Amino acid sequence: MSVNYIPATFAVLRDTDRCIKCRACERQCSNEVHYYDADFDKMFVHEEQCVDCQRCVTICPTNALKITENPNSFRKASNYSQQLILENYRQAATGAVLLSSMGNPQDFPVYWDKMLINASQVTNPSIDPLREPMETKVFLGKKHTHITRNPDGTIDMSEQSPQLELKYPIMFSAMSYGSISYNAHESLARAATELGTFYNTGEGGLHQDFYQYKTNTIVQVASGRFGVSKDYLDAGAAIEIKMGQGAKPGIGGHLPGKKVSDDVSKTRMIPKGTDAISPAPHHDIYSIEDLRQLIFSLKEATDYKKPVIVKIAAVHNVAAIASGIARSGADILVIDGFRGGTGAAPTRIRDNVGIPIELALASVDQRLRDEQIRNEISIVAAGSIRSSSDAVKAFALGADALYIATPALLAIGCHLCRSCHGAKCNWGIATQRPDLVKRLNPDIAYKRLVNLVRAWDHEIKEMMGGMGINSLEALKGNRLMLRGIGLSDKELQILGIMHAGE
Amino acid sequence: MLQKEGAVRIPSGCAITGFISRDGRRITGADAIKSIAVMHDRSNGLGGGFAGYGIYPEYKELYAFHLFFNNNSAREETERFLNEHFDIVNLSRIPTRQVKSITNEPLIWRYFVNPLPTRLAASQLDETEFVTKCVININTTINGAYVFSSGKNMGVFKAVGFPEDVGKFYRLDDYAGYSWTAHGRYPTNTPGWWGGAHPFALLDYTIVHNGEISSYDANRRYIEMFGYKCTLLTDTEVITYIFDFLHRRRNLSLTEIADVIASPFWTTIDAKPTAERERLYYLRNTFASLLITGPFSIILGYSGGLMALNDRLKLRSMVTAEKDDMFFIASEECAIREICPDATGIRAPRGGEAVIAELNEEGRRKCL
Amino acid sequence: MKRVYVNENRCLGCHLCEYWCAFANSGEDSIVKAFKLNREAMPRINVEDSGEIHFAVQCRHCNDTPCVKACITGALSVDNDGLVSIDTERCVGCYTCVLTCPYGCIVIDEKNGGKTVTKCELCVKNAGNEPWCVKQCINGAIVFEDRTNAERQAVL
């Protein structure tokens, strides 16, 4: 045993005047931070095990607990942050790749926060969504604009591509069963069903119990092909081919073996307890023409009745790639920005690979218009849409609909401690341990998800009304409704917007 | 520094009026001037214009191009372009009369042209598409030249000024047509350029519009995918292109176009019988980005008819009336009463309701 | 009548209901006071734990009320709604009810040296107004619902 270089990241502060020693914190901490000592008749902590998930703080009946950063600090240096020093210690101790979870926490520019939304004054009226109809329904899919007529002169509508109808323009992004729990999946499925929108199975297959929610399910086919079968494809309202994920462009998924429980192993069709590692590329897709073949294989397998979605991570060449995808038969394109979440990713990749969704979305939308193929494909933006105002800005940049995942997890209790890869989620979300999974009550959680989306929708409608827009179609790509603040000419040019004051 | 129209988007309030003789009787532009003049307070002297249909019966098979030139070199360059692509049958300055309030006039010319058959064949385009491309080409590439009217047997006349002065300036009492529309503009800043006045025209489609659409950039960025170039950044321009695209290029009927650009709300559509519901779903979804929101009242002029349309919430005033073979549309009833005191059937069309008045059989025989 | 039910699949074994129950019946205005002022706050609900299974238990206010039948002084009574309550003035601490209750839900009141018993009265007599175990359950495992006799039997 040598010296452990790594101090506790957090300090657990307990107000002993308030603590009644009910020991709920001890019982509920899967990291075994809190413990009771009978000799002292007092609660103590192993604070080095704390991940700041806030479970104990939240349930403490007397508000006796607070978690804060450990005030202990290494000598300050701008170049070598304490974080970097610790990471090197950790790697020196283990010889391993650093793992992280959830979205990129680094201090990169957030372009959502550098764009401002317009409102009507005098020359046209704003519209009050409480008094006038305000529409946020969306259809995703190809829109063929060539009109053919039947012999009687009516429009021939038989040649339409399959469409997804979304009552709310927000869907729940792919999170696999395995990375998140059964109860989390059930909550998402039930919420999507109640809302009339969609949730996404992620790459881990679909548990038999959730086939009943199929009309609101998007099934994902990723490079590992976990859980993919004919029944699975049939169970989706749409099929999503996952080429990449914003949090970890260029690599496949990684589900730690401790999350591969009995049920997860059955659903994924892999042995229990083994790491589920999906390959970095699809081994049947080494180029764009191969993607086309997979798209049409999936369409063939499902009778051309379902839209096929292709999801890519936002990378440097995203506009050209998107253009290729639009010409490859895909109905819907998902662009996932580099701040998107993950259940587990190598830290260096999560924090350094990819580009922001705002820039990727703007350049893809413009590129597809320049190439006159924007009709051929719907665009779903993902990867850190954090609020309804981010959503409005994304629509104005050109998104048809949005995927949210982190906000959905926040709605059901996630406190963004970024420890999903530890598989001991105290909130019952990113874990497969039955005693922890139980902590997420789907009867409560699905209602919170429904509330969240409805609340966002109300706010989107308020902002639309302020702009004098009463249907989301008229906001889509309406970049005149945005102005940049504190952005360079180049950034404005990529976003396709003017600066505030212009 | 103030920017020219097109470099900046200028919101405007407006007055519009229009009428048609369904029997095809030819009425002078004086009536249009009289009608728009009564709504003087709805414009502020920074733009006025007219469109007359059936005014060039002697040249009715030829495209009548009306152009503004900043100078003679722009004119010469344009004429070179026209000579390469068209047979110019007649050309002249458009006659004007001195009006004190109309100043800074550009060179205003008129050309009656026919596409050169060889050029047309080489382009592999149909004739209307060929003409459209040429018009867009002149407007976007020749500095100081602007085609503001390009249809057959019709013409647009517009300027910076109050509409009644503009009408006088262009001597519209000398023209007679079966239908007229007129526009008085109330822009919120000074455009100072004649091309920015309304009506906006492409081929024989003209639009006069009162409103400020909130969907503008969504509509613009969509329609530009189909080869249009919105150089003026005005609502009227983009609405004209939308009509041209849906009517001429996609063969939608005018009422179908109304179902696209002023579509009923989903709840209304859901309450319709199945076939109608499916049709409306199809149109609205297929052309989702052509839905126009925010206030507008427009009169579309085209060969043989007029169509009036309000936004789906009816956020701008517009009334219609009739008298014998005449059909009237205007922002305010007074504009109709001024030229037809005993007009009947005054009504305000509902939001999104397309009101169409066309030449009857006799009128078509006479005028088309 | 509405009664308290516990869903075993949702009960996490955090035991917080016990503390809130004790507080609600303590007469104090804060939970800290209830436990810190050296008064033995007594819960009338107890969470039974066995491995991964946790189950909060309190008086079922059952239909045949063996405790009421067994009470030798009439201290235990059942009202028209089926609520079983105790009049501590009459209780003599004979514990017959403790022996007869099939669920072990009659609690010996250690606060007064075991001279009387106490039990869940659905917070109707304290300042809680609604059952505090239900109000404070962090996972919606304890509910206060009106169920039919058949539904109740299924649970029992």
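To keep things clear, this report deals only with the structure shown in the data block. (Residues numbered from 1 in each chain as written. Chains lettered and ligands numbered in written order. Predicted model: local features only at pLDDT ≥ 70, side-chain atom pairs only at ≥ 80, totals over all residues. Heavy atoms only, no water.)

### Some words on the overall build of chain B
Piece 1. When you go through chain B residue by residue, the secondary structure sums to 12 helices and 18 strands.
Piece 2. For chain B, the C-alpha radius of gyration of 19 Å lies close to 21 Å, the compact-globule estimate for 368 residues.
Piece 3. Across the 368 residues of chain B, 64% fall into the buried class.
Piece 4. Of the side chains in chain B, 41 bear a positive and 43 a negative charge, and the two mean positions are spaced by 2 Å. (Helix = DSSP H or I, 4+ residues; strand = E, 2+ residues; numbered from the N terminus. Rg over C-alpha atoms; globule rule 2.2 N^0.38 Å. Buried < 20%, exposed > 50% of the residue type's maximum accessible area, 1.4 Å probe, protein only. Lys, Arg positive; Asp, Glu negative; His and termini not counted. Charge placed at Lys NZ, Arg CZ, Asp CG, Glu CD.)

### Notes on the arrangement of the chains
Piece 1. For this structure, the chain pair with the highest number of contacts among two pairs of chains in contact is chains A and B.
Piece 2. There is a clear gap between chain B and chain C: no contact, and 37 Å between their nearest C-alpha atoms. (Contact = heavy atoms within 4.5 Å.)

### Observations concerning the sheet that holds strand β10 (residues 179-187) of chain B
Residues and elements named next belong to chain B.
Piece 1. Spatially, β8-β3-β10-β1-β16-β15-β17 is the arrangement adopted by the seven strands of the open sheet, whose pairing is antiparallel. Both outer strands of the open sheet, β8 (154-159) and β17 (344-347), are each paired with one neighbouring strand and no more. Across the sheet, the mean angle from the axis of one strand to that of its neighbour is 10 degrees, orientation sign disregarded.
Piece 2. Sheet topology places strand β1 (residues 12-21) next to β10; nine bridges connect them, and they run antiparallel. Residue pairing for β10: Thr17 is matched across the bridge by Ala182.
Piece 3. Along the sheet, helix α1 (residues 29-37) makes contact with β1, β3 (48-53) and β10, crossing β1 at roughly 145 degrees. (Pairing = 2+ DSSP bridges. Axes fitted to C-alpha atoms, helices over the stretch in contact; angles between N-to-C directions.)

### Quick look at the interface of chain B and chain A
Piece 1. Residue-level contacts link 42 residues of chain B with 43 residues of chain A.
Piece 2. Roughly 3,500 Å² of surface becomes buried between chain B and chain A when both sides are summed, with 55% attributable to carbon and sulfur atoms.
Piece 3. At the boundary of chain B with chain A, the tally comes to five salt bridges.
Piece 4. Close ionic contact of B:Arg312 with A:Glu135 constitutes a salt bridge, the shortest N to O distance being 3.1 Å.
Piece 5. Class assignment of the residues belonging to the side of chain B that touches chain A gives a composition of 19 nonpolar, 11 polar and 12 charged. (Buried area = accessible area lost by both parts, 1.4 Å probe. Salt bridge = Lys/Arg side-chain N within 4 Å of Asp/Glu carboxyl O. Nonpolar A, V, L, I, M, F, W, Y, C, P; charged D, E, K, R; others polar.)

### Brief notes about the interface of chain A and chain C
Accessible area lost upon the coming together of the parts serves often as the stated size of an interface.
Piece 1. With 22 residues of chain A at the contact, the number on the chain C side is 20 residues.
Piece 2. Our count for the contact surface shared by chain A and chain C stands at one salt bridge.
Piece 3. The residue C:Arg10 makes a salt bridge to A:Asp443 at a minimum N-O spacing of 3.7 Å.
Piece 4. Across the contact surface, chain A and chain C share nine residue pairs in polar contact (both at pLDDT 80 or more).
Piece 5. Secondary structure elements with two or more residues in the side of chain A that touches chain C: α1 (24-28), α2 (55-59) and α14 (442-466) of chain A. (Polar contact = N/O pair within 3.5 Å; in protein donor to acceptor, adjacent residues only side chain to side chain.)

### Looking at the packing of aromatic side chains
Piece 1. Considering all chains together, one arrives at 36 aromatic pairs over all chains under this definition.
Piece 2. Arranged with centres 4.9 Å apart and planes meeting at 40 degrees, the rings of B:Trp266 and B:Tyr281 form a pair that is tilted. Here B:Tyr281 lies in helix α10 (residues 274-286) and B:Trp266 lies in helix α9 (residues 266-270), a separation of 15 residues in the sequence.
Piece 3. Judged by its relative accessible area of 5%, B:Trp266 falls in the buried class.
Piece 4. The buried category is assigned to B:Tyr281, whose relative accessible area is 16%.
Piece 5. Aromatic side chains C:Trp20 and C:Trp132 sit 5.8 Å apart centroid to centroid with 40 degrees between the ring planes, which places their arrangement in the tilted category. A residue pair is termed long-range when its members are at least 10 positions apart, and C:Trp20 in helix α1 (residues 16-24) and C:Trp132 in helix α5 (residues 132-136) qualify at 112 residues.
Piece 6. On the accessibility criterion, C:Trp132 (15% relative accessible area) is buried.
Piece 7. Positioned above the aromatic ring of A:Phe296, the side-chain terminus of A:Lys299 is 5.7 Å from the ring centre.
Piece 8. A cation over an aromatic ring shows up here: B:Arg75 above the ring of B:Trp109, its NZ or CZ 4.6 Å from the ring centre. (Phe/Tyr/Trp six-rings, centres within 6.5 Å; stacked < 30°, edge-to-face > 60°. Lys NZ or Arg CZ within 6 Å of the ring centre and 35° of its normal.)

Geometric values such as these leave the question of function open.
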